[in-house]
Every structure is written in C-alpha cells, then in structure tokens.
Amino acid sequence: MDTPRYFEDFRVGQKFAFGAYEVTKEEIIAFAREFDPQPHHLDEDAAKNSLLGGLAASGWQVCAIAMRLATDHIFNQAQARGGAGVEDCRWLKPVRPGDMLRLEVEVLATRPHPRRPLGFVTMRWDVFNQREQVASIVNTPIFARRSAA
Amino acid sequence: MSGHYWEEIEIGSKQVLGQYTFTEEEIVRFARAYDPQPFHIDPQAASRSFYGGIIASGWHTVAVWMRLAVASHIGAARDGPRAGVSPGFEDLRWLKPVRPGMTLTYSTQVTEKVALKSRPQFGLVKSRNEARAPDGTLMMSFIGKGFVERRTTGGAA
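Let me begin by describing the structure that accompanies this report. Treat the numbers as computed from the prediction; the structure is a model and nothing was measured.

## Here's the deal with the overall build of chain B
Inference 1: On a plain count of helices and strands, chain B comes out with four helices and six strands.
Inference 2: Secondary structure elements of chain B occur, N-terminal to C-terminal, as β-α-α-α-α-β-β-β-β-β.
Inference 3: In terms of overall dimensions, chain B has a C-alpha envelope of 60 × 30 × 25 Å along the principal axes.
Inference 4: Residues classed as buried in chain B amount to 41% of the 157 residues present.

Next comes the structure, spelled out in structure tokens:
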C-alpha cells in the first residue's frame, strides 16, 4: 500500500505494520532520570518489589518510542501537522531491557476540520514486543488536505 | 501523594506540581530522539511551517508533567505505600503549541477512586492533570490513572 501523504489518503480500516526499536537498559534509565525517576524505572533491586516485578520502561517512554516509529514510517512521509491528542492509552505489559518494539496501526476514523484545510485521522497504535502486545494508544494526528495543497 | 495509602487520598484535592520553562535546545533534543518532525527539530523549516516556528513535541509536554509529579512525591517512594504504576491514561489533549521560552505551570487534582477486585491490595486513583501558560491558557490536559497500595486489603472505599 502506498504511504499516505494527505488527509484524503487515509481510509477507515487501513492498516500499517512496521518497526524494530530495541529498548536498551541504558535508554530506559536515561529517560527515567529525566522524566520519570521512580525506583521501578531506575533500579533493578527496587523494581523487583514493585508491581512491575522488575526494571521496566516508563510508560511515557513507550509512547515516545511508538511516536518515533510512527514518525519514521508515516508522519515524515506525509503532510503531518501535529496531533490533537490521545483518546485512550493502555499500558498492558511492562517493557523490559532488550525488548524489540514494533507497531501495528489501524485507521479508526477520519474527519475534516470544519474551517481549516486540515483533517483529523484517529488511529490505534498497537505496540508489541517480541512476545506480546505491550500497549494500545488511540490518538488523533492532523494532516493537510490535498484539496488545499 | 507519596506516603499516602489509597484510603487516605481525598477526592478533589488539588496540587500545583511546579513550573517548567521549555528551551529550544531541550525541545530539539527530545524530538530528535522521539518525534523528529521538521517543526520540532529544525528552526528554519519550522519558521516556514504551519506553526511558524519550533514547537515542543506533545509527548515532551506530557513527559514534563511526569517529571514534576515525581518531584512532588506523587508516585513511588523507596519507603511507604507502593504506588506509581499506571494502567494508562485517557483524553490527553494538546490544545495549544508550546514554544521555546514558554513557562508552563503543571497541576493535578484527584477526581475518582476505584476499588479493584482484581488487585485487592491496591486501589486506582484517577486525576485531572493540566499545564497552563502564565496567562492561564490551558495548553495540555489529560486524565491520569495510578495504582496506590491500600492500608487494608479489599473492601469498599
């Protein structure tokens, strides 16, 4: 399937799958030091006693990595204009050091902006590691409309 | 809320988490790693873009909420009740572009507490979280969720 460029190129039910992002222990700790310095994201021993049962990435980092994959494989080939927001994000399983993340994307809805030459594309990002699904992120990026280009 | 068990957390309690000033250097550094779109990483391309200049990744503006929440002792501490693990969030809205030099004030307010049959040692706390510009304009908001350990296992709130 051709990579979509404009709002009009997105269709409900479209699916895309891509990515291989290795999550290292160093990156988990570096992100956590800056944005989420809780013991279960920083320290193996402290993490064992937490609900996560061992060192795991901040959920915000999982979202950021999903964004990186979507940017590389969709947004930077398209006329992307930012994001309206995230309807629902579920962190389903811990992401561990050494996990390889990939993304499956499905377009759920499309809606033209009422006044501006833009359109909203609601999509679900299912994030998987090498074993199982780890997160589900329903979000609505914005794209330029071809008709206005 | 650190040091508070689930039973002790009050619905309606609001806390200002602090302020954060976004520099161009930090905006670009975050976006190069996680959101390398031209309007986040390239000042010249950004000046010609829809946004008219560099803006922060929305994921950066919300990650700063987490940083300030942890600094405000929301979430896990090495001693005290176990907390700080979340099943997700809802209704995150990026309402206005965040530009270099802007200072945002972040806050959190407890909106709901839910007892969990599946995890009787823990309860869920929902919160409404905001980032506002100095003139009060709402820039970002979301509904957060976090597991907090209970003083006594099971039972209603």
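## What about the overall build of chain A?
Inference 1: Per the secondary structure count, chain A includes four helices and five strands.
Inference 2: Written out in order from the N terminus, the α and β elements of chain A read β-α-α-α-α-β-β-β-β.
Inference 3: Based on the C-alpha atoms only, the size of chain A along its principal axes is roughly 55 × 30 × 20 Å.
Inference 4: In chain A, which comprises 149 residues, the proportion classed as buried is 41%.

## Looking at helix α1 (residues 25-35) of chain A
Inference 1: Taken as a whole, α1 of chain A has its buried residues at Ile28, Phe31, Ala32 and Phe35 of chain A. For α1 of chain A, the angular spread of buried residues about the axis comes to 100 degrees, placing them on one side. In this structure, α1 of chain A carries Glu26 and Arg33 of chain A as exposed residues pointing more than 90 degrees from its buried face.
Inference 2: Those residues of α1 of chain A hidden inside the fold are in contact with α2 (39-42) and α4 (59-73) of chain A together with α4 (58-71) of chain B.

## Comments concerning the interface of chain B and chain A
Inference 1: The interface of chain B with chain A comprises 28 residues on the first partner and 32 residues on the second.
Inference 2: Of all the secondary-structure elements, those providing two or more residues to the side of chain B that touches chain A are α4, β2 (83-85) and β3 (88-94) of chain B.
Inference 3: Residues that form the side of chain B that touches chain A fall into these classes: 15 nonpolar, six polar and seven charged.

## Side note on the nonpolar core
General note: in soluble globular proteins, nonpolar side chains tend to be found buried as a group.
Inference 1: If you look at the biggest cluster of nonpolar residues, it comprises 81 residues, and the most contacted ones within it are Val62, Cys63, Ala66 and Val127 of chain A.
Inference 2: Setting aside chain neighbours within four positions, we find Val62 of chain A in contact with Ala57, Trp91, Val95, Val127, Val134 and Ala135 of chain A.

## Considerations on the environment of Val86 of chain A
Inference 1: Mapped onto the secondary structure, Val86 of chain A falls in strand β2 (residues 80-91).
Inference 2: Among the residues examined, Val86 of chain A registers 23 C-beta atoms within 10 Å and is labelled buried.
Inference 3: Once the C-alpha coordinates of Val86 of chain A and Ile137 of chain A are considered, the two residues, 51 residues apart in sequence, prove to be 7.1 Å apart.
Inference 4: When sequence neighbours within four positions are dropped, the list of residues in contact with Val86 of chain A reads Ile137, Val138 and Asn139 of chain A together with Leu92 of chain B.

## Remarks on α4 of chain B
All names here are of chain B.
Inference 1: Between its terminal C-alpha atoms α4 stretches 20 Å, which fits the 20 Å expected from 14 residues at 1.5 Å a residue.
Inference 2: Within α4, 13 of the 14 residues are buried, which leaves the element mostly enclosed by the surrounding structure.
Inference 3: At the C-terminal side of α4, His73 shows a positive phi close to 65 degrees.

Cut-offs used in this document
- Residues numbered from 1 in each chain as written.
- Chains lettered and ligands numbered in written order.
- Predicted model: local features only at pLDDT ≥ 70, side-chain atom pairs only at ≥ 80, totals over all residues.
- Helix = DSSP H or I, 4+ residues; strand = E, 2+ residues; numbered from the N terminus.
- Buried ≥ 20, exposed ≤ 12 C-beta atoms within 10 Å, placed from the backbone.
- Arc of directions from axis to C-beta.
- Contact = placed C-beta atoms within 7 Å.
- Nonpolar A, V, L, I, M, F, W, Y, C, P; charged D, E, K, R; others polar.
- Core = buried A, V, L, I, M, F, W, Y, C linked by C-beta atoms within 7 Å.
- Expected span 1.5 Å × (residues − 1).

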